[in-house]
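Structure assessment
These are the residues of each chain, in order.
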Amino acid sequence: MANYGANRKTDDLINSLKGKKPVKVLFVCLGNICRSPAAEGVLRSIVEANGDNEAWVIDSAGTYGGHAGDLPDRRMRVHAQRRGYDLVHRSRKFRTSDFDDFDIIIPMDASNESDLHQLAPTIEAEAKIIPMMKFVSLATRYDYVPDPYYEGAEGFELVLDLLEDGCANLYHTFSRN
Ligand code: 4NP
């Protein structure tokens with residue numbers, strides 16, 4: 001597991017959720033049209049492949065609401081589809097009640113993480129925020145999931161590489177009884 005953001009509170013939360021059913025996971029990025037809906041689709045696919053649907057609640061949201069109601073960015077959908085993921089999430093803005101409705105809230109980068117900390121109403125809510133890279137073990141020069149919005153095809157492929165690795169680790173971390 002990556003060491004990004006590692007601290008005792010993070011490890012305590014992760015340990016407390018091992019074997020919990022369902023584990024309720026919310027992925028968060030800026031627009032909720034590229035990285036977080038892709039993370040949602042990748043984890044959903046892993047969960048379905050393991051016949052484990054009832055053990056997971058999976059959703060995604062954006063700190064910026066300007067794309068609310070939109071399907072994921074067409075480029076993200078195309079790159080995901082080539083790997084077998086059908087991204088059908090509709091973008092929505094993150095809401096404070098998400099801190100009550102989910103066990104773990106996973107920002108893609110430091111800016112998303114900082115925004116979530118600003119929005120958290122309690123220390124307990126803040127403890128639910130764990131960066132995606134905490135789960136990524138792939139050798140990479142990044143310590144965050146980079147925003148592909150202004151990048152070319154390789155930006156979207158990198159996002160999927162990081163998310164496939166991170167979601168597999170996330171799945172195995174919480175499925176272990
Ligand atoms: P995401 O990517 O946060 O991964 O969904 C972006 C989507 C839209 C914008 C920026 C990033 N935007 O500026 O509209």
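Before reading further, recall that the structure is shown in the block above.
Here's a quick rundown of the structure. (Residues numbered from 1 in each chain as written. Predicted model: local features only at pLDDT ≥ 70, side-chain atom pairs only at ≥ 80, totals over all residues. Heavy atoms only, no water.)

Close to the ligand lie C29, L30, G31, N32, I33, C34, R35, H67, D147, Y149 and Y150, which account for all nearby residues. One of the backbone nitrogen or oxygen atoms of G31 is found 2.9 Å away from an oxygen atom of the ligand. Between the ligand and H67, the relevant distance is 2.8 Å, taken from an oxygen atom to a side-chain nitrogen or oxygen of the residue. In isolation the ligand exposes 350 Å². Once the protein is present, 90% of that is buried. According to the grid-proximity analysis, the pocket containing the ligand is the largest pocket. Looking at side-chain class alone, the shell around the ligand contains six nonpolar, three polar and two charged residues. (Near = heavy atom within 4 Å. Polar contact = N/O pair within 3.5 Å; in protein donor to acceptor, adjacent residues only side chain to side chain. Areas by Shrake-Rupley, 256 points an atom, 1.4 Å probe, with all protein chains shown as cover. 1 Å grid on protein atoms, 1.4 Å probe; cavity = no way out; pocket = protein on both sides within 12 Å on 5 of 7 lines; lining within 4 Å. Sits in = over half its atoms within 2 Å of the grid points. Nonpolar A, V, L, I, M, F, W, Y, C, P; charged D, E, K, R; others polar.)

Taken as a whole and assessed by the stated rule, the structure comprises six aromatic pairs. With a centroid separation of 4.9 Å and 85° between ring planes, the pair formed by Y149 and Y150 is classed as edge-to-face. The class for Y149 is partly exposed, based on a relative accessible area of 28%. Three or more aromatic residues joined by ring pairs form one cluster here, namely W56, F135, Y171 and F174. (Phe/Tyr/Trp six-rings, centres within 6.5 Å; stacked < 30°, edge-to-face > 60°. Buried < 20%, exposed > 50% of the residue type's maximum accessible area, 1.4 Å probe, protein only.)

Space inside the largest pocket adds up to approximately 160 Å³. Around the largest pocket, the lining residues are C29, L30, G31, N32, I33, C34, R35, Y64, H67, D147, Y149 and Y150. (Points joined across faces, edges and corners; volume = space filled by probe spheres on them.)

Packed helix pairs are specified by the crossing angle of their axes together with the interaxial distance, meaning the distance between the axes. The geometry of helix α2 (residues 35-49) relative to helix α7 (residues 153-175) is characterised by a closest axis approach of 9 Å and an angle of 45° between their N-to-C directions. The pairing of α2 with α7 is recorded here as oblique in orientation. For the crossing formed where α2 meets α7, the hand is right-handed. Between α2 and α7, the contacting residues are R35, A38, A39, V42, L43, I46 and V47 on the first element and V159, L160, L163, E164, C167, A168, L170 and Y171 on the second. Grouping the amino acids of the contact of α2 with α7 by side-chain chemistry returns 13 nonpolar, no polar and two charged. (Axes fitted to C-alpha atoms, helices over the stretch in contact; angles between N-to-C directions. Helix = DSSP H or I, 4+ residues; strand = E, 2+ residues; numbered from the N terminus. Parallel < 35°, antiparallel > 145°, perpendicular 65-115°, else oblique. Left-handed = near helix turned anticlockwise from the far one by under 90°. Contact = heavy atoms within 4.5 Å.)

Time to look at the environment of N50. Relative to the assigned elements, N50 resides in the loop between α2 and β2 (56-62). Spatially, the C-alpha atoms of N50 and S36 are 21 Å apart, while their sequence positions differ by 14 residues. Looking at N50, its side chain comes within polar contact range of the main-chain oxygen of I46, at 2.8 Å.

Read across the sheet, three strands follow the order β2-β1-β3 without closing on themselves; strand pairing throughout is parallel. Strand pairing shows two members of the sheet lacking a second neighbour, β2 and β3 (104-107), which therefore form its edges. Across this sheet, the average inter-strand angle for adjacent strands is 20°, counted without regard to direction. Most of the contacts of helix α5 (residues 110-119) go to β3, to which it runs at about 140°, and overall it touches β1 (23-29) and β3. With respect to the sheet, α7 is in contact with β1, β2 and β3, its orientation differing from that of β2 by roughly 140°. (Pairing = 2+ DSSP bridges.)

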